[in-house]
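A closer look at the structure
Here's the letter readout for the chains.
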Amino acid sequence: MEIESVINASLRLQKAASEAEIFTVLYEACTAVAGPVGLDGWVIGHSRSAHHVAHLGPESVEATVDEVEAWLAGGSLPEAFARHDHVATDVTTSRLESEKRVVGGIVVIAARLTSLERRYLFDLARLAAEALAKLPEMRRCQLVLEALEQSEEAISFYDETEGIVFTNDAYHRIFQHYPDRSELLGMNHLDLYRLDLNAGVIEDPLAQCDPEAYLAQRARLSATLVGQQREIQTIRGRTYIYTRSRSTTGATMSRRIDITEQVATEMRLRERERELHDLAFRDSLTGLYNRAHLRDLLGSLTRQVADGTLAGVTAFLVDLDEFKWVNDTYGHDWGDHVLKTVADRLSRSSATDGGAVARIGGDEFVVLFEAPFTPEEMVAAGDRFIAVLAEPMAHDGMVLRIGASIGIAHRCGAAADIATILTDADSAMYEAKKVKGGASRVFTPGLKTATLDRLRLLEDIRNALYRREFTLLYQPQFSIGTRRLNGFEALARWMHPTRGSVPPDIFIPMLEEHGLIEEFGEWVLETACSEAMRWPDDLGVAINVSPLQVHAVRFSLKLCETLMRTGLRPGRLELEVTETVFLDGKQQTEAVLNNWKALGIRIALDDFGHGYSSLSYLGNFPIDKLKIDRGFLGQFDPSQPQAKAGVILDTIIDLGRKLGMTVTAEGVESAEQLEHLHRHGCTEAQGFLLGRPMSADEVRQIISARVTPPPSNRD
């Protein structure tokens, strides 16, 4: 027996890294023990992946896997072993058990084995079993070590006594200023922080202004480590999740996970979210909040008022005066400048009191304060906004002033209905609109009644349109020189069943505002043309056309269709437009009017001098008639013909006559007025002096008589 071989085998078994290596060592050790005394036997190994049967003697004996498995499981020796003819009777067997599982065995048949040799064989079997038991753990340790080495996370292990005990490659890719792994082992963690400070890779403000305080802070963190600590750390412009955890061995594992890309992606996503939020809740032109945001804000304020965390809310609804005229006259660039200027002024004026400013429509703004204002405060704030907005606006070398009408409403108390505050402010704003030159009005319950009344009136207008409750009256137009009847102007009237007569200046704007004017205008056109077909061919009919109708393709088509169906000669139809029609796209208006003119229809410019008159309209557009606004005759005093009103009146007459246009004076109520108009060359007149608006039946009676109706009193 070679004792040295047995000892060497023991050491090799402790270091063996595989089953094959263990059984090879065991085979060699058994041979060393029993070989000198004559050996015949087997070393049998078993695992999930292989079966090892090593024959110790000169002869080859084969046994099936099942037979070997049966013996290892506690059965008898394989028959092939038992049948073998042995001169010796000393048989030594030992099963190798690892973690209560038999993984192999030894069968040695030899002569003259001493008790020491037999004990060595059993010891070898025990050592082999222990080595086999350690293999799974060794394999797991190796796999963990390889995973740590290959991990993209920067990993290190630090022991308070031994210092750094492990670092992987990723760790050194981050801390390139550290020495190599072998030199780093054993270093204290504060030594590492000093290396970081010297290299300037720590982006902590404390580290930059007070390095020693920073080191003391890190030392305290290390000393107070319990379980796990986590922080975000920035090194050389990259961001890491830095975690420290203490193991059961007392060592601390540090991990740094690079999240730079994730952080950048998250920042991009947040930026995109902000952009989408701005698109959804910001007005693109002014940068103010929009209606959608205001709706959400009112919902939030409602909850705050209800739970008592907010005392109340005050809203200012700002509507610009004559903005459409500015936009159409000077162009959209000017209009955009006005809106942005208004937004800026409202924001600056309300910033002191914390007002939220939103643009909720074309030229409508809301200033919302999270506080209930007193009546005096509301009036003062409204006046302040009006004054700020009235300041001159300069753009493209021009200076413009613009007014505003402001409606004010407020809510307070847990039961306050914040959701309706804008409706109330809107009611107050409509009241403010009645005051020319800009004004503010505070909502009162009476205004709510007026708003509800206006809504009911709108519903009545819809029903009247559907039921054909509107009627047309016709006011005669006479030639001043001959007193000959030239035709009639069709005037819409509405007799409400409970309200009585509702004037056109009430229902016409509501028809326009709510998209009903086209249907109404088509009815007027159809009715007037059909009625005119009952008159002599030398009499014409004039109807008023809304600017909205002028720019509606449907109306022009309806115009041609009506003339064809009724058979009315186009020259007998006169369409009256106001000067505001020229503000809504001059090129489009010119094209429409030229098309009407090509059909043979006459075009009259109604209420001339009342609006934003421009002499360029008279030269650029196909106008046949000027109708002088009745306001000029109302201001005219026949006893003072050289007064301003008389001069203006005479100038308009002279201008129209020299341009070859018919000039019609509206609102003639006295013989003196008629005489003055005749003396200065006015072509045509209509008014109470010559005839009031009358029904279709009355028109037919006048036409039958073919006499000039006597002057009537205005009663």
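Residues numbered from 1 in each chain as written. Predicted model: local features only at pLDDT ≥ 70, side-chain atom pairs only at ≥ 80, totals over all residues. Heavy atoms only, no water.

Concerning the sheet that holds strand β10 (residues 312-320)
A sheet is described by the order of its strands in space; here five strands give the open sequence β11-β12-β10-β15-β16, paired in mixed fashion. Only two strands of the sheet have a single neighbouring strand rather than two, namely β11 (356-359) and β16 (439-442). Along the sheet, successive strands turn relative to each other by an average axial angle of 20 degrees, direction set aside. Both β10 and strand β12 (residues 364-369) contribute to a ladder of six bridges, which runs antiparallel. Across the sheet, the residue bridging to T314 is F369, located in β12. On the sheet, helix α15 (residues 375-389) packs against β10, β12, β15 (404-412) and β16 and is oriented at approximately 150 degrees with respect to β15. The strands touched by helix α16 (residues 421-433) are β10, β12, β15 and β16; relative to β15, the strand with the most contacts, the crossing angle is about 145 degrees. (Pairing = 2+ DSSP bridges. Helix = DSSP H or I, 4+ residues; strand = E, 2+ residues; numbered from the N terminus. Axes fitted to C-alpha atoms, helices over the stretch in contact; angles between N-to-C directions. Contact = heavy atoms within 4.5 Å.)

Some words on empty space enclosed by the protein
The full count for this structure, using the stated rule, is one cavity of 30 Å³ or more. Looking at the largest cavity, its volume works out to about 270 Å³. Around the largest cavity sit 21 residues that line it, and H189, Y193, Y242, R244 and S254 are the ones nearest its centre. Broken down by secondary-structure element, the contributors of at least two residues to the lining of the largest cavity are β5 (154-159), α8 (189-199), α10 (211-223), β8 (238-246) and β9 (252-258). With four residues, the single largest contributor to the lining of the largest cavity is α8. When grouped by side-chain class, the residues that make up the lining of the largest cavity number ten nonpolar, five polar and six charged. (1 Å grid on protein atoms, 1.4 Å probe; cavity = no way out; pocket = protein on both sides within 12 Å on 5 of 7 lines; lining within 4 Å. Points joined across faces, edges and corners; volume = space filled by probe spheres on them. Nonpolar A, V, L, I, M, F, W, Y, C, P; charged D, E, K, R; others polar.)

Re the confidence of the model for the protein
Note: predicted coordinates in regions of low pLDDT should not be interpreted at a detailed level. Across the protein, pLDDT averages 82, with 87% of residues at or above 70. Taken as a whole, residues 47-51 scores under 50 in pLDDT and shows six contacts with residues more than four places along the chain or in a different chain. Every residue in residues 85-89 scores below 50 in pLDDT, and together they form seven contacts with partners more than four places removed in sequence or on other chains. (pLDDT = per-residue confidence, 0-100.)

Some points on the packing of aromatic side chains
One pass over the full model with this rule turns up 18 aromatic pairs. Taking 5.4 Å as the distance between ring centres and 85 degrees as the angle between the ring planes, the aromatic pair formed by F316 and F385 counts as edge-to-face. One end of the pair, F316, is in strand β10; the other, F385, is in helix α15, with 69 residues separating them in the sequence. Taken together, the ring pairs connect F470, W494, F507, F520 and W523 into an aromatic cluster. Positioned above the aromatic ring of Y242, the side-chain terminus of R256 is 3.9 Å from the ring centre. The ring of Y289 has R282 sitting right over it, with the charged end atom 4.1 Å from the ring centre. (Phe/Tyr/Trp six-rings, centres within 6.5 Å; stacked < 30°, edge-to-face > 60°. Lys NZ or Arg CZ within 6 Å of the ring centre and 35° of its normal.)

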